[in-house]
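Analysis of the macromolecular model
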Amino acid sequence: MRMDATEVARRFLDSFRLHDVVHEEELEVDSTPWPNPTGPTGAAGHILRAQAAAKAESDFEDILNARAPGQDVLEHDENVGLLLALFITGRRRGGDVAFRNSGVVIGDHRNDVTHVTVEVGAKRSDFTVEFLVRRDETGPHPDWHPEAGDSVPDVLTLTRELALIREDHGFEEPHASDQKTRRHGLASLGMMVMAYTRDEAGRDPFGLARRALDDLERATADPFTR
Amino acid sequence: MLDREEYLGFELPDEAEGPLRAASSILEEQAARRMVSDVEYFLNQSPGRELFEREENVGLVLALFIVAREMGGDIQLRNGTTVMGDHLADVTEITIEVAARRSDFTIDFLITWDEHGPHPDWYPGADETVQHSLEVRKELALFRDDPFPGQPAPSDRKTRRGGLASLGLMVTPFELQEAQRDPFGLAKRALSDLQRAVSEEFVR
(Lines give C-alpha, C1' and ligand atoms only; values in the text may rest on other atoms or scores of the structure.)
Protein backbone atom coordinates (compact mmCIF):
# COMPACT_ATOMS: atom_id res chain seq x y z
CA MET A 1 0.00 0.00 0.00
CA ARG A 2 1.41 3.37 -0.98
CA MET A 3 0.95 6.18 1.55
CA ASP A 4 1.04 9.85 0.83
CA ALA A 5 3.92 11.94 2.15
CA THR A 6 1.94 13.44 5.02
CA GLU A 7 0.84 10.03 6.25
CA VAL A 8 4.40 8.72 6.10
CA ALA A 9 5.57 11.82 7.97
CA ARG A 10 2.98 11.20 10.69
CA ARG A 11 4.20 7.66 11.17
CA PHE A 12 7.73 8.97 11.20
CA LEU A 13 6.81 11.29 14.07
CA ASP A 14 5.21 8.39 15.95
CA SER A 15 8.19 6.20 15.42
CA PHE A 16 10.66 8.65 16.87
CA ARG A 17 8.33 10.13 19.51
CA LEU A 18 8.81 13.45 17.83
CA HIS A 19 5.54 15.17 18.58
CA ASP A 20 7.20 17.55 21.00
CA VAL A 21 9.54 18.70 18.23
CA VAL A 22 7.33 18.88 15.18
CA HIS A 23 3.60 19.12 15.63
CA GLU A 24 1.31 17.31 13.31
CA GLU A 25 -0.55 20.44 12.23
CA GLU A 26 2.72 21.87 10.95
CA LEU A 27 2.72 19.33 8.17
CA GLU A 28 0.30 21.59 6.37
CA VAL A 29 2.56 23.91 4.39
CA ASP A 30 0.01 26.70 4.22
CA SER A 31 -0.67 26.77 7.95
CA THR A 32 1.44 29.88 8.58
CA PRO A 33 -0.16 33.15 7.52
CA TRP A 34 2.03 35.32 5.34
CA PRO A 35 2.68 38.68 7.06
CA ASN A 36 0.89 40.62 4.36
CA PRO A 37 -1.68 38.41 2.65
CA THR A 38 -2.82 41.04 0.16
CA GLY A 39 -1.11 42.49 -2.90
CA PRO A 40 1.87 41.06 -4.74
CA THR A 41 3.74 40.01 -1.60
CA GLY A 42 0.83 37.91 -0.39
CA ALA A 43 0.50 36.13 -3.71
CA ALA A 44 4.24 35.61 -3.92
CA GLY A 45 4.39 34.25 -0.39
CA HIS A 46 2.59 31.05 -1.25
CA ILE A 47 4.84 30.40 -4.22
CA LEU A 48 8.00 31.19 -2.27
CA ARG A 49 7.06 28.72 0.40
CA ALA A 50 6.24 26.01 -2.10
CA GLN A 51 9.56 26.62 -3.89
CA ALA A 52 11.47 26.57 -0.60
CA ALA A 53 9.82 23.29 0.33
CA ALA A 54 10.69 21.72 -3.02
CA LYS A 55 14.24 22.99 -2.83
CA ALA A 56 14.75 21.60 0.68
CA GLU A 57 14.42 18.05 -0.56
CA SER A 58 16.86 18.40 -3.45
CA ASP A 59 19.30 20.29 -1.22
CA PHE A 60 19.30 17.46 1.25
CA GLU A 61 19.89 14.94 -1.50
CA ASP A 62 22.88 17.02 -2.60
CA ILE A 63 24.34 16.74 0.87
CA LEU A 64 23.76 12.98 0.97
CA ASN A 65 25.39 12.49 -2.41
CA ALA A 66 28.40 14.75 -1.84
CA ARG A 67 31.14 12.47 -0.65
CA ALA A 68 34.85 13.12 -0.63
CA PRO A 69 37.04 10.21 -1.77
CA GLY A 70 37.31 7.70 1.03
CA GLN A 71 34.60 9.33 3.08
CA ASP A 72 32.10 6.74 4.15
CA VAL A 73 30.18 8.43 6.96
CA LEU A 74 26.90 8.53 5.05
CA GLU A 75 27.17 4.97 3.82
CA HIS A 76 25.88 3.94 7.24
CA ASP A 77 22.12 4.28 7.44
CA GLU A 78 22.11 5.29 11.08
CA ASN A 79 24.39 8.22 10.22
CA VAL A 80 21.92 9.39 7.56
CA GLY A 81 19.21 9.21 10.22
CA LEU A 82 21.39 11.16 12.63
CA LEU A 83 22.12 13.80 9.99
CA LEU A 84 18.40 14.27 9.38
CA ALA A 85 17.82 14.49 13.12
CA LEU A 86 20.54 17.12 13.55
CA PHE A 87 19.09 19.17 10.73
CA ILE A 88 15.50 19.00 11.92
CA THR A 89 16.35 19.54 15.59
CA GLY A 90 18.82 22.33 14.82
CA ARG A 91 16.29 24.18 12.69
CA ARG A 92 13.64 23.75 15.32
CA ARG A 93 15.74 25.62 17.87
CA GLY A 94 15.99 28.78 15.83
CA GLY A 95 19.02 30.71 14.68
CA ASP A 96 20.82 29.86 11.47
CA VAL A 97 21.64 26.25 10.67
CA ALA A 98 23.88 25.15 7.81
CA PHE A 99 25.30 21.80 6.70
CA ARG A 100 28.58 21.08 4.93
CA ASN A 101 29.74 17.96 3.19
CA SER A 102 32.73 17.95 0.85
CA GLY A 103 32.30 21.50 -0.37
CA VAL A 104 28.50 21.36 -0.63
CA VAL A 105 26.71 23.73 1.74
CA ILE A 106 22.97 23.83 2.39
CA GLY A 107 20.77 25.62 4.89
CA ASP A 108 20.79 29.16 6.17
CA HIS A 109 23.19 32.00 5.62
CA ARG A 110 24.88 33.60 8.55
CA ASN A 111 22.54 36.44 9.51
CA ASP A 112 21.52 35.58 13.05
CA VAL A 113 23.31 35.91 16.39
CA THR A 114 23.23 32.13 16.66
CA HIS A 115 24.78 30.12 13.87
CA VAL A 116 25.10 26.33 13.95
CA THR A 117 27.12 24.47 11.32
CA VAL A 118 27.22 20.69 11.01
CA GLU A 119 30.10 19.36 8.93
CA VAL A 120 30.00 15.75 7.77
CA GLY A 121 33.22 13.75 7.76
CA ALA A 122 35.25 16.75 8.96
CA LYS A 123 39.02 16.45 9.20
CA ARG A 124 40.78 17.86 12.24
CA SER A 125 44.48 17.13 12.53
CA ASP A 126 44.82 13.41 11.70
CA PHE A 127 41.30 12.60 12.76
CA THR A 128 38.03 12.25 10.89
CA VAL A 129 34.95 13.36 12.77
CA GLU A 130 31.61 11.88 11.70
CA PHE A 131 29.71 15.08 12.54
CA LEU A 132 31.47 18.23 13.67
CA VAL A 133 28.87 20.55 15.18
CA ARG A 134 29.98 24.15 15.55
CA ARG A 135 28.04 26.87 17.27
CA ASP A 136 28.82 30.58 16.94
CA GLU A 137 27.03 32.84 19.36
CA THR A 138 27.16 36.61 19.38
CA GLY A 139 25.93 38.52 22.40
CA PRO A 140 26.69 41.34 24.84
CA HIS A 141 30.13 41.09 26.44
CA PRO A 142 29.72 40.11 30.12
CA ASP A 143 32.48 42.53 31.23
CA TRP A 144 31.03 45.49 29.45
CA HIS A 145 29.31 48.26 31.41
CA PRO A 146 28.31 51.78 30.42
CA GLU A 147 31.46 53.32 31.97
CA ALA A 148 33.83 50.75 30.51
CA GLY A 149 34.85 52.90 27.57
CA ASP A 150 36.81 51.39 24.73
CA SER A 151 38.84 49.01 26.87
CA VAL A 152 36.06 46.39 26.88
CA PRO A 153 34.29 45.45 23.65
CA ASP A 154 30.53 45.59 23.98
CA VAL A 155 29.98 42.45 21.90
CA LEU A 156 31.40 38.96 22.27
CA THR A 157 31.38 36.26 19.59
CA LEU A 158 32.01 32.81 20.88
CA THR A 159 32.67 29.61 18.97
CA ARG A 160 32.41 26.12 20.37
CA GLU A 161 32.85 22.84 18.52
CA LEU A 162 31.52 19.43 19.40
CA ALA A 163 32.84 16.29 17.74
CA LEU A 164 30.11 13.69 17.42
CA ILE A 165 31.98 10.46 16.75
CA ARG A 166 30.86 6.90 16.26
CA GLU A 167 32.59 4.37 18.48
CA ASP A 168 31.67 0.71 18.27
CA HIS A 169 33.39 -2.36 19.50
CA GLY A 170 33.46 -5.16 17.01
CA PHE A 171 35.54 -7.13 14.60
CA GLU A 172 35.45 -4.49 11.85
CA GLU A 173 35.76 -1.48 14.11
CA PRO A 174 38.98 0.38 14.92
CA HIS A 175 40.80 -0.95 17.97
CA ALA A 176 39.68 0.45 21.31
CA SER A 177 43.06 2.10 21.86
CA ASP A 178 42.77 3.91 18.48
CA GLN A 179 39.31 5.13 19.43
CA LYS A 180 40.69 6.39 22.73
CA THR A 181 43.51 8.17 20.90
CA ARG A 182 41.01 9.91 18.66
CA ARG A 183 38.84 10.95 21.57
CA HIS A 184 41.76 12.41 23.49
CA GLY A 185 43.28 13.94 20.37
CA LEU A 186 40.08 15.80 19.55
CA ALA A 187 39.67 16.92 23.16
CA SER A 188 43.23 18.26 23.15
CA LEU A 189 42.27 20.35 20.11
CA GLY A 190 39.77 22.11 22.36
CA MET A 191 36.65 20.32 21.19
CA MET A 192 33.87 18.83 23.20
CA VAL A 193 33.64 15.15 22.32
CA MET A 194 30.52 13.01 22.31
CA ALA A 195 30.82 9.38 21.30
CA TYR A 196 27.85 7.34 20.13
CA THR A 197 27.30 3.79 19.07
CA ARG A 198 25.62 2.56 15.94
CA ASP A 199 22.87 1.08 18.02
CA GLU A 200 22.26 4.37 19.85
CA ALA A 201 22.05 6.36 16.60
CA GLY A 202 19.68 3.83 15.10
CA ARG A 203 17.44 3.62 18.14
CA ASP A 204 17.00 7.30 18.94
CA PRO A 205 18.74 9.69 16.52
CA PHE A 206 16.64 12.64 17.68
CA GLY A 207 17.53 12.06 21.33
CA LEU A 208 21.21 11.96 20.39
CA ALA A 209 20.93 15.10 18.26
CA ARG A 210 19.11 16.91 21.06
CA ARG A 211 21.75 15.92 23.61
CA ALA A 212 24.61 17.11 21.38
CA LEU A 213 22.93 20.43 20.60
CA ASP A 214 21.95 20.94 24.27
CA ASP A 215 25.54 20.43 25.46
CA LEU A 216 26.83 22.84 22.87
CA GLU A 217 24.20 25.43 23.68
CA ARG A 218 25.04 25.24 27.37
CA ALA A 219 28.75 25.61 26.68
CA THR A 220 28.22 28.73 24.57
CA ALA A 221 25.73 30.26 26.98
CA ASP A 222 28.01 30.05 30.06
CA PRO A 223 30.66 32.63 29.08
CA PHE A 224 28.00 35.27 28.55
CA THR A 225 27.27 35.32 32.28
CA ARG A 226 29.58 36.45 35.09
CA MET B 1 4.97 2.04 15.79
CA LEU B 2 7.13 1.35 12.80
CA ASP B 3 10.03 -1.00 12.78
CA ARG B 4 13.33 0.84 12.85
CA GLU B 5 14.51 -1.02 9.79
CA GLU B 6 11.63 0.36 7.81
CA TYR B 7 13.08 3.84 8.29
CA LEU B 8 16.76 3.35 8.62
CA GLY B 9 17.38 0.13 6.73
CA PHE B 10 17.24 1.70 3.28
CA GLU B 11 19.51 2.46 0.45
CA LEU B 12 19.47 5.64 -1.56
CA PRO B 13 18.20 6.52 -4.01
CA ASP B 14 16.16 3.45 -5.06
CA GLU B 15 14.25 3.03 -1.82
CA ALA B 16 13.96 6.72 -1.00
CA GLU B 17 10.22 6.42 -0.44
CA GLY B 18 10.81 5.42 3.20
CA PRO B 19 12.53 7.55 5.82
CA LEU B 20 13.94 10.11 3.42
CA ARG B 21 10.52 10.83 2.03
CA ALA B 22 9.11 11.08 5.54
CA ALA B 23 11.87 13.30 6.81
CA SER B 24 11.63 15.36 3.65
CA SER B 25 8.09 16.29 4.54
CA ILE B 26 9.36 17.73 7.79
CA LEU B 27 12.32 19.38 6.08
CA GLU B 28 10.01 20.86 3.48
CA GLU B 29 7.68 22.19 6.12
CA GLN B 30 10.53 23.72 8.08
CA ALA B 31 11.97 25.31 4.93
CA ALA B 32 8.58 26.74 3.96
CA ARG B 33 8.02 28.21 7.42
CA ARG B 34 11.54 29.56 7.56
CA MET B 35 10.98 31.37 4.27
CA VAL B 36 8.45 33.72 5.90
CA SER B 37 10.88 34.96 8.55
CA ASP B 38 13.80 35.01 6.11
CA VAL B 39 11.94 37.33 3.73
CA GLU B 40 10.74 39.57 6.54
CA TYR B 41 14.26 39.87 7.94
CA PHE B 42 15.71 40.50 4.50
CA LEU B 43 13.27 43.30 3.68
CA ASN B 44 14.05 45.15 6.90
CA GLN B 45 17.82 45.39 6.50
CA SER B 46 19.88 48.28 5.16
CA PRO B 47 20.51 49.58 2.59
CA GLY B 48 17.39 48.16 0.89
CA ARG B 49 14.94 48.99 3.67
CA GLU B 50 14.11 52.38 2.17
CA LEU B 51 13.52 50.83 -1.25
CA PHE B 52 11.12 48.32 0.26
CA GLU B 53 8.92 51.00 1.75
CA ARG B 54 7.18 50.87 -1.63
CA GLU B 55 5.23 47.66 -2.08
CA GLU B 56 5.92 47.43 -5.82
CA ASN B 57 9.63 47.04 -5.04
CA VAL B 58 8.81 44.25 -2.60
CA GLY B 59 6.67 42.62 -5.26
CA LEU B 60 9.44 42.98 -7.81
CA VAL B 61 12.20 41.49 -5.67
CA LEU B 62 9.97 38.53 -4.79
CA ALA B 63 9.05 38.12 -8.46
CA LEU B 64 12.74 38.14 -9.39
CA PHE B 65 13.46 35.48 -6.78
CA ILE B 66 10.56 33.29 -7.88
CA VAL B 67 11.25 33.57 -11.61
CA ALA B 68 14.97 32.96 -11.08
CA ARG B 69 14.18 29.86 -9.01
CA GLU B 70 12.00 28.56 -11.84
CA MET B 71 14.91 29.03 -14.23
CA GLY B 72 17.01 26.68 -12.12
CA GLY B 73 20.46 26.93 -10.61
CA ASP B 74 21.30 28.56 -7.31
CA ILE B 75 19.68 31.87 -6.44
CA GLN B 76 20.81 34.30 -3.81
CA LEU B 77 19.38 37.61 -2.61
CA ARG B 78 21.68 40.19 -1.03
CA ASN B 79 20.81 43.29 0.90
CA GLY B 80 24.00 44.79 2.33
CA THR B 81 25.56 42.01 4.39
CA THR B 82 22.30 40.10 4.68
CA VAL B 83 22.05 37.10 2.40
CA MET B 84 19.14 34.75 1.77
CA GLY B 85 18.47 31.92 -0.64
CA ASP B 86 20.87 29.25 -1.82
CA HIS B 87 24.55 28.72 -1.23
CA LEU B 88 26.16 29.26 -4.61
CA ALA B 89 27.60 26.02 -5.95
CA ASP B 90 25.82 25.32 -9.25
CA VAL B 91 26.84 25.78 -12.89
CA THR B 92 24.22 28.54 -12.96
CA GLU B 93 24.36 31.09 -10.16
CA ILE B 94 22.11 34.13 -9.97
CA THR B 95 22.65 36.87 -7.42
CA ILE B 96 20.15 39.69 -6.94
CA GLU B 97 21.63 42.58 -5.00
CA VAL B 98 19.37 45.28 -3.65
CA ALA B 99 20.41 48.96 -3.63
CA ALA B 100 23.78 48.00 -5.08
CA ARG B 101 26.49 50.57 -5.67
CA ARG B 102 28.57 50.69 -8.82
CA SER B 103 30.82 53.68 -9.26
CA ASP B 104 28.71 56.71 -8.23
CA PHE B 105 25.43 55.03 -9.06
CA THR B 106 22.89 53.24 -6.90
CA ILE B 107 21.02 50.43 -8.64
CA ASP B 108 17.68 49.25 -7.29
CA PHE B 109 18.28 45.64 -8.32
CA LEU B 110 21.61 44.43 -9.68
CA ILE B 111 21.28 40.95 -11.15
CA THR B 112 24.46 38.96 -11.67
CA TRP B 113 24.38 35.75 -13.70
CA ASP B 114 27.37 33.41 -13.49
CA GLU B 115 27.44 30.44 -15.81
CA HIS B 116 29.99 27.66 -16.05
CA GLY B 117 30.03 25.59 -19.23
CA PRO B 118 32.13 24.02 -21.98
CA HIS B 119 34.40 26.44 -23.86
CA PRO B 120 33.01 27.01 -27.39
CA ASP B 121 36.50 26.83 -28.93
CA TRP B 122 37.33 23.52 -27.35
CA TYR B 123 37.08 20.28 -29.33
CA PRO B 124 38.39 16.75 -28.73
CA GLY B 125 42.05 16.85 -29.67
CA ALA B 126 42.45 20.61 -29.14
CA ASP B 127 45.83 21.60 -27.75
CA GLU B 128 46.25 22.78 -24.20
CA THR B 129 46.02 26.46 -25.11
CA VAL B 130 42.28 26.04 -25.52
CA GLN B 131 40.46 26.02 -22.22
CA HIS B 132 38.13 23.15 -21.50
CA SER B 133 35.54 25.22 -19.73
CA LEU B 134 34.39 28.80 -19.64
CA GLU B 135 33.00 30.95 -16.86
CA VAL B 136 30.80 33.82 -17.95
CA ARG B 137 29.50 36.64 -15.77
CA LYS B 138 26.89 39.13 -16.94
CA GLU B 139 25.33 41.87 -14.88
CA LEU B 140 22.05 43.65 -15.43
CA ALA B 141 21.02 46.87 -13.71
CA LEU B 142 17.28 47.01 -13.10
CA PHE B 143 16.20 50.38 -11.73
CA ARG B 144 13.22 52.69 -11.56
CA ASP B 145 13.60 55.45 -14.09
CA ASP B 146 10.51 57.61 -14.27
CA PRO B 147 9.90 61.14 -12.98
CA PHE B 148 8.94 61.01 -9.30
CA PRO B 149 9.76 63.21 -6.30
CA GLY B 150 13.39 62.70 -5.31
CA GLN B 151 14.32 61.17 -8.62
CA PRO B 152 17.24 62.84 -10.46
CA ALA B 153 16.56 65.24 -13.34
CA PRO B 154 16.18 63.69 -16.82
CA SER B 155 19.74 64.63 -17.78
CA ASP B 156 21.11 62.96 -14.65
CA ARG B 157 19.02 59.88 -15.33
CA LYS B 158 20.51 59.72 -18.79
CA THR B 159 23.98 60.02 -17.24
CA ARG B 160 23.18 57.11 -14.95
CA ARG B 161 21.98 54.93 -17.82
CA GLY B 162 25.04 55.81 -19.90
CA GLY B 163 27.38 55.44 -16.94
CA LEU B 164 26.12 51.99 -16.02
CA ALA B 165 26.31 50.85 -19.63
CA SER B 166 29.89 52.09 -19.83
CA LEU B 167 30.71 49.93 -16.82
CA GLY B 168 29.71 46.94 -18.95
CA LEU B 169 26.32 46.39 -17.35
CA MET B 170 23.16 45.64 -19.25
CA VAL B 171 20.63 48.31 -18.37
CA THR B 172 16.89 47.81 -17.90
CA PRO B 173 15.05 50.87 -16.58
CA PHE B 174 11.45 50.43 -15.49
CA GLU B 175 8.55 52.66 -14.57
CA LEU B 176 6.57 52.47 -11.37
CA GLN B 177 3.41 51.58 -13.23
CA GLU B 178 5.13 48.69 -14.98
CA ALA B 179 6.32 47.20 -11.67
CA GLN B 180 2.86 47.61 -10.18
CA ARG B 181 1.02 46.12 -13.12
CA ASP B 182 3.18 43.10 -13.91
CA PRO B 183 6.18 42.46 -11.63
CA PHE B 184 6.49 38.88 -12.91
CA GLY B 185 6.57 40.04 -16.54
CA LEU B 186 9.27 42.57 -15.73
CA ALA B 187 11.30 40.01 -13.80
CA LYS B 188 10.96 37.49 -16.63
CA ARG B 189 12.08 40.04 -19.21
CA ALA B 190 15.18 41.06 -17.22
CA LEU B 191 16.21 37.49 -16.47
CA SER B 192 15.52 36.28 -20.02
CA ASP B 193 17.68 39.08 -21.46
CA LEU B 194 20.45 38.15 -19.09
CA GLN B 195 20.14 34.45 -19.87
CA ARG B 196 20.29 35.14 -23.60
CA ALA B 197 23.39 37.31 -23.22
CA VAL B 198 25.10 34.59 -21.20
CA SER B 199 24.10 31.81 -23.62
CA GLU B 200 25.53 33.71 -26.58
CA GLU B 201 28.98 33.51 -25.01
CA PHE B 202 28.89 29.72 -25.20
CA VAL B 203 28.26 29.44 -28.95
CA ARG B 204 30.50 30.29 -31.91
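Residues numbered from 1 in each chain as written. Chains lettered and ligands numbered in written order. Predicted model: local features only at pLDDT ≥ 70, side-chain atom pairs only at ≥ 80, totals over all residues.

1. Regarding the overall build of chain B
Counting its regular elements, chain B contains 6 helices and 6 strands. Helices and strands appear in chain B in the N-to-C order α-α-α-β-β-β-β-β-α-β-α-α. Relative to its 204 residues, chain B shows a buried fraction of 39%. (Helix = DSSP H or I, 4+ residues; strand = E, 2+ residues; numbered from the N terminus. Buried ≥ 20, exposed ≤ 12 C-beta atoms within 10 Å, placed from the backbone.)

2. Details of the nonpolar core
Residue and element names in this part refer to chain B. Core analysis: the largest hydrophobic core is formed by 88 residues, its most contacted members being Leu-64, Phe-65, Phe-109 and Ile-111. Looking at this core element by element, the count peaks at 10 residues for helix H3 (residues 55–71). What Ile-111 contacts, discounting residues up to four positions off in sequence, is Ile-94, Ile-96, Glu-139, Leu-140, Leu-142, Ala-190, Leu-191 and Leu-194. (Core = buried A, V, L, I, M, F, W, Y, C linked by C-beta atoms within 7 Å. Contact = placed C-beta atoms within 7 Å.)

3. Notes on the sheet that holds strand S6 (residues 192–196) of chain A
All names here are of chain A. Spatially, 6 strands are ordered S2-S1-S3-S4-S5-S6 in an open sheet, and the strand pairing comes out mixed. The open sheet has two edge strands, strand S2 (104–107) and S6, and neither has a second partner. The mean angle between the axes of side-by-side strands here comes to 20°, regardless of whether they run parallel or antiparallel. In the sheet, strand S3 (residues 114–124) pairs with strand S4 (residues 127–140) via 10 bridges, with the strands oriented antiparallel. By the bridge assignment for S4, Val-120 is matched with Phe-131. Contacts between helix H6 (residues 205–221) and the sheet are confined to S4, strand S5 (155–166) and S6, with S5 contributing the most and set at about 150° to the helix. (Pairing = 2+ DSSP bridges. Axes fitted to C-alpha atoms, helices over the stretch in contact; angles between N-to-C directions.)

4. Overview of the confidence of the model for chain B
All names here are of chain B. In the predicted model, chain B carries a mean pLDDT of 84, and 88% of its residues have values of at least 70. Within the model, pLDDT remains below 50 along residues 1–17, and this stretch shows 26 contacts once partners closer than five positions in the same chain are excluded. Across the interfaces of the predicted complex, the ipTM metric reaches 0.76, alongside a pTM of 0.79. (pLDDT = per-residue confidence, 0-100.)

5. Considerations on the packing of helix H3 (residues 77–92) of chain A against H6 of chain A
Residue and element names in this part refer to chain A. Relative to each other, H3 and H6 sit at 55°, their axes nearing to 8 Å. In terms of axis orientation, H3 runs oblique to H6. By crossing handedness, the relation of H3 to H6 is classed as right-handed. Contacts from Gly-81, Leu-82, Ala-85, Leu-86, Thr-89 and Gly-90 in H3 reach Pro-205, Phe-206, Leu-208, Ala-209, Arg-210 and Leu-213 in H6. Its residues placed into classes, the contact of H3 with H6 shows 8 nonpolar, 3 polar and 1 charged. (Parallel < 35°, antiparallel > 145°, perpendicular 65-115°, else oblique. Left-handed = near helix turned anticlockwise from the far one by under 90°. Nonpolar A, V, L, I, M, F, W, Y, C, P; charged D, E, K, R; others polar.)

6. Re the sheet that holds strand S4 (residues 105–118) of chain B
Residue and element names in this part refer to chain B. Sheet architecture is open: 6 strands sit in the order S2-S1-S3-S4-S5-S6, paired in mixed fashion. If you trace the sheet from one side to the other, it starts and ends with strand S2 (82–85) and strand S6 (170–174), each paired once. Strand-to-strand twist across the sheet, computed as the mean angle between neighbouring axes with direction ignored, equals 20°. Judged from the 10 bridges that link them, S4 and strand S5 (residues 133–144) form a sheet pairing that is antiparallel.

7. Here's the deal with the environment of Ala-54 of chain A
Of note, Ala-54 of chain A is situated in helix H2 (residues 39–65). Spatially, the C-alpha atom of Ala-54 of chain A lies 40 Å from that of His-141 of chain A, the residues being 87 residues apart in sequence.

8. Section: the pairing of S3 of chain A
Residues and elements named next belong to chain A. With 8 of 11 residues buried, S3 lies mostly within the body of the structure. Bridging between strand S1 (residues 96–101) and S3 involves 5 bridges; their strand directions are parallel. Paired with Asp-96 across the bridge in S3 is His-115.

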